[in-house]
Amino acid sequence: MDLLGLQWERIKENIQVEYDITGIAYNIWVKPLIYGGCKDNVVTIRIPNSSPEMLAYIEKNYSGFFQKAFSDLMQGDYSVEFILEENATEGMGSQELDDPRVEDSFVESHLNKKYRFENFVVGPNNVFAHSACLNVAEHPGEESNNPLFIYGGAGLGKTHLMTAIGNYLVENMGWSVLYVTSEEFTNEVIQAIRAGDNASMMRLREKYRNIDALLIDDIQFIIGKAATQEEFFHTFNALYQNGKAMVITSDKHPVHMKELDERFRSRFKSGLTVDIQPPEYETRVAILRRYADNFDYDMPDDIFYYIADHIKSNVRELEGAYNNMRIANVTDLETAKMVLKDTILSDGVDIITPAMILRGVAEYFNLDQEDITSKKRNAEYVRPRQIFMYLCRDMTDLTLKGVATLLDKKDHSTVLHGYNKINEEIQKDDELREKIEAIKNMIKTF
Ligand code: ADP
Ligand code: MG
């Protein structure tokens, strides 16, 4: 046996270290390779149990590494030739690759066609993210924007913008693009690992290596999943090295993603990171108007303003609110308020004030506001007054003393008594509890 043959296992291991090949990749692609001899500076490497597709893949991805290793070790110019091990089962892998469903999955981009640049409303909250995305669409895979990492809260347009890039690349540049959520990616990796054969893992890899752009949505879900992170890291590197474009979204900045593999953090940092913030009032109105244009269902201005005023943190809910108006064919503000009650409650960013509580309690019991804050001892006022005290403690940051001051009381013992009484009773009295809930819901719509 010649020197290369003797050093064969060491050569493979060195390649793994040198090129940072992950454990899984090494075991699947490199480790099984067999030294097949050397003649006229051409080294033959045999691939056992394999298929022509796999050969092509290994040739493309690993021949350079081997060539360099041989040339360094032998101090000369060496080249590499891969051959399929003779007893390899005929076309095992290729049969499976011929499966039309598998074929489909190569071309299927999973892009939602309705998310486009044309229907994305740009405001101060997303202007940087928007221009970063346009930049990727026009110059995909460039070092300065690759990967593009977009982060921000739920329903702020991350998926929309990312998909807009994908649609642009497919339609204008004929690129093959793949959109996947990190959960889908995780499931695919797990399935391939479960299948336990090289062909499954290879199919997965082929799928992710043979594209021009990869869009991974909500990357935060792969955190803590070691095997998936490993596989993604490998995919990432393969695409990155080949100048393919990558866009990643997350709910947080990479620095705030605890337990994210350090290697990712540095990779992400080398690209472009942008955030999306909740939209300002004007942008919220503009987004609603855009929906109105699209659906050709207009509403009076006061409904637009009401929605924009109350739904602040989430564009998806703005969209939901508009759709509710459209479906219920709402034309006046009062009906709009009714229809939107639940949506607005769940948005939950409004500040509740004692004045709102007073109004709510008075309206609910059909009393004058002054009667509730007065010192009158009539039974019909005492109860609502106690509920007012209770709700002030429950829905605001006011101290007992603060509530006492609002009611012009010198000390807070009455307030404490009122609060405790209601608090105890609602534990046992379902009817009272429901009443209180109804009042709270009403207050939140003010
Ligand atoms: P995220 O991925 O950040 O959770 P999405 O991209 O799914 O949010 O956006 C939620 C919904 O809001 C989508 O229907 C999207 O089209 C819409 N949307 C978000 N931002 C905008 C915007 N600036 N202009 C138009 N529609 C938007
Ligand atoms: Mg999303």
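Preceding block: the structure.
This is a predicted model, so every value here is computed, not measured. (Residues numbered from 1 in each chain as written. Chains lettered and ligands numbered in written order. Predicted model: local features only at pLDDT ≥ 70, side-chain atom pairs only at ≥ 80, totals over all residues. Heavy atoms only, no water.)

**Q** How would you explain the pairing of strand β1 (residues 34–39) if you had to name every residue and give the values?
**A** In this structure, β1 lies alongside strand β2 (residues 42–47), joined through four bridges in antiparallel fashion. For cysteine 38, the partnering residue across the bridge sits in β2 and is valine 43. Counting the residues between successive antiparallel strands, the hairpin from β1 to β2 contains two residues, one of them, aspartate 40, with a positive phi of roughly 50°. (Pairing = 2+ DSSP bridges. Helix = DSSP H or I, 4+ residues; strand = E, 2+ residues; numbered from the N terminus.)

**Q** Report on the sheet that holds strand β7 (residues 245–250), specifying residues and quantitative values.
**A** Here five strands make up an open sheet; going across it, the order is β5-β6-β7-β4-β8 and the pairing parallel. With one partner strand each, in any of the chains shown, β5 (177–181) and β8 (272–276) form the two edges of the open sheet. Ignoring strand direction, the axes of neighbouring strands in this sheet form an average angle of 15°. Summarising the sheet, strand β6 (residues 213–217) and β7 pair through four bridges and their orientation is parallel. The residue of β7 that forms the bridge with alanine 213 is alanine 245. The strands touched by helix α9 (residues 182–195) within the sheet are β5 and β6, with β5 carrying the most contacts at an inclination of about 90°. (Axes fitted to C-alpha atoms, helices over the stretch in contact; angles between N-to-C directions. Contact = heavy atoms within 4.5 Å.)

**Q** Could you give me a rundown of the site of ligand 1, with the residues and numbers involved?
**A** Contacts to ligand 1 come from 18 residues, most closely from Val121, Gly155, Thr159, His160 and Glu319. Take asparagine 126: an N or O atom from its side chain is 3.4 Å from a nitrogen atom of ligand 1. Within the contact set of ligand 1, an oxygen atom lies 2.6 Å away from a side-chain nitrogen or oxygen of histidine 160. Computed on the free molecule, ligand 1 has an accessible area of 560 Å², of which 94% lies beneath the protein chains in the complex. The pocket occupied by ligand 1, as judged from atoms lying within 2 Å of grid points, is the largest pocket. Of all elements in the fold, only α8 (158–173), α13 (281–295) and α15 (315–327) reach the threshold of two or more residues within the shell around ligand 1. Its residues assigned to classes, the shell around ligand 1 comprises eight nonpolar, seven polar and three charged. (Near = heavy atom within 4 Å. Polar contact = N/O pair within 3.5 Å; in protein donor to acceptor, adjacent residues only side chain to side chain. Areas by Shrake-Rupley, 256 points an atom, 1.4 Å probe, with all protein chains shown as cover. 1 Å grid on protein atoms, 1.4 Å probe; cavity = no way out; pocket = protein on both sides within 12 Å on 5 of 7 lines; lining within 4 Å. Sits in = over half its atoms within 2 Å of the grid points. Nonpolar A, V, L, I, M, F, W, Y, C, P; charged D, E, K, R; others polar.)

**Q** For helix α17 (residues 354–365), give the residues involved together with the corresponding values.
**A** With 12 residues, α17 ought to run about 16 Å at 1.5 Å a step, and its terminal C-alpha atoms sit 16 Å apart, in line with that. Along α17, the residues that are buried comprise Met356, Ile357, Leu358, Gly360, Val361 and Ala362. Packed against the buried residues of α17 are α18 (369–373), α19 (379–395) and α22 (430–444). At the exit of α17 stands asparagine 366, carrying a positive phi of roughly 60°. (Expected span 1.5 Å × (residues − 1). Buried < 20%, exposed > 50% of the residue type's maximum accessible area, 1.4 Å probe, protein only.)

**Q** Got a sec to walk through the packing of helix α7 (residues 127–138) against α8? Specific residues and values, please.
**A** In the contact formed by α7 and α8, the axes pass within 9 Å of each other and the chain directions differ by 25°. One element, α7, and the other, α8, form an angle in the roughly parallel class. Regarding α7 and α8, the two cross each other, and that crossing is right-handed. Contacts between α7 and α8 involve Ala129, His130, Cys133, Val136, Ala137 and Glu138 on the former and, on the latter, Leu161, Ile165, Tyr168, Leu169 and Met173. Residue classes in the contact of α7 with α8 are distributed as nine nonpolar, one polar and one charged. (Parallel < 35°, antiparallel > 145°, perpendicular 65-115°, else oblique. Left-handed = near helix turned anticlockwise from the far one by under 90°.)

**Q** For the packing of aromatic side chains, give the residues involved together with the corresponding values.
**A** In total, this model carries 23 aromatic pairs according to the counting rule given. Ring centres of tyrosine 19 and phenylalanine 65 lie 3.8 Å apart, and the angle between their planes is 5°; this geometry places the pair in the stacked category. Here phenylalanine 65 lies in helix α4 (residues 52–74) and tyrosine 19 lies in the loop between α2 (8–18) and α3 (23–30), a separation of 46 residues in the sequence. Note on phenylalanine 185 and tyrosine 208: the rings are 5.0 Å apart at their centroids and 85° apart in plane angle, and the pair reads as edge-to-face. Of the two residues, phenylalanine 185 sits in helix α9 while tyrosine 208 sits in helix α10 (residues 198–209), which places them 23 residues apart along the sequence. For the pair formed by phenylalanine 185 and tyrosine 208, the shared burial category is buried. When the ring centre of phenylalanine 295 is taken as origin, the NZ or CZ atom of arginine 326, which lies over that ring, is 4.0 Å away. A cation over a ring is seen here: arginine 393 above tyrosine 419, with NZ or CZ 5.8 Å from the ring centre. (Phe/Tyr/Trp six-rings, centres within 6.5 Å; stacked < 30°, edge-to-face > 60°. Lys NZ or Arg CZ within 6 Å of the ring centre and 35° of its normal.)

**Q** Account for α15, naming residues and giving values.
**A** With 13 residues, α15 extends 18 Å from end C-alpha to end C-alpha; this agrees with the ideal 18 Å at 1.5 Å per step. Among the residues making up α15, those that are buried are Val315, Leu318, Ala321, Tyr322, Asn323 and Met325. Two to three positions downstream of the cap, the backbone nitrogen of arginine 316 sits 2.8 Å from a side-chain oxygen, assigning the N-cap of α15 to asparagine 314. Trailing α15 by a residue or two, asparagine 329 shows a phi angle of about 55°, which is positive.

**Q** An account of the layout of surface pockets is needed here, citing residue identities and associated values.
**A** Left-over empty space is what a probe sized like a water molecule reveals as it rolls over the atoms. Quantified by volume, the largest pocket comes out at close to 660 Å³. Lining the largest pocket are 29 residues, and of these Tyr115, His160, Tyr291, Val315 and Glu319 lie nearest its centre. Elements supplying a minimum of two residues to the lining of the largest pocket: α8, α13 and α15. Of all the elements, α13 adds the most residues to the lining of the largest pocket, at five residues. Among the residues making up the lining of the largest pocket, the classes are represented as 10 nonpolar, 12 polar and seven charged. Each pocket or cavity is described by its volume, and for the second largest pocket that value is around 320 Å³. Lining the second largest pocket are 17 residues, and of these Asn61, Phe65, His234, Ala238 and Gln241 sit closest to its centre. If one sorts the elements of the lining of the second largest pocket by residue count, α4 sits on top with seven residues. Split by residue class, the lining of the second largest pocket holds six nonpolar, seven polar and four charged. (Points joined across faces, edges and corners; volume = space filled by probe spheres on them.)

**Q** Outline the side chain of asparagine 126, listing residues and values.
**A** Within the secondary structure layout, asparagine 126 lies in the loop between α6 (100–107) and α7. What makes asparagine 126 buried here is its relative accessible area of 3%. There is a polar contact of 2.9 Å between the side chain of asparagine 126 and the backbone nitrogen of glycine 123. Not counting chain neighbours up to four residues away, the residues in contact with asparagine 126 comprise Phe120, Val121 and Ile276.

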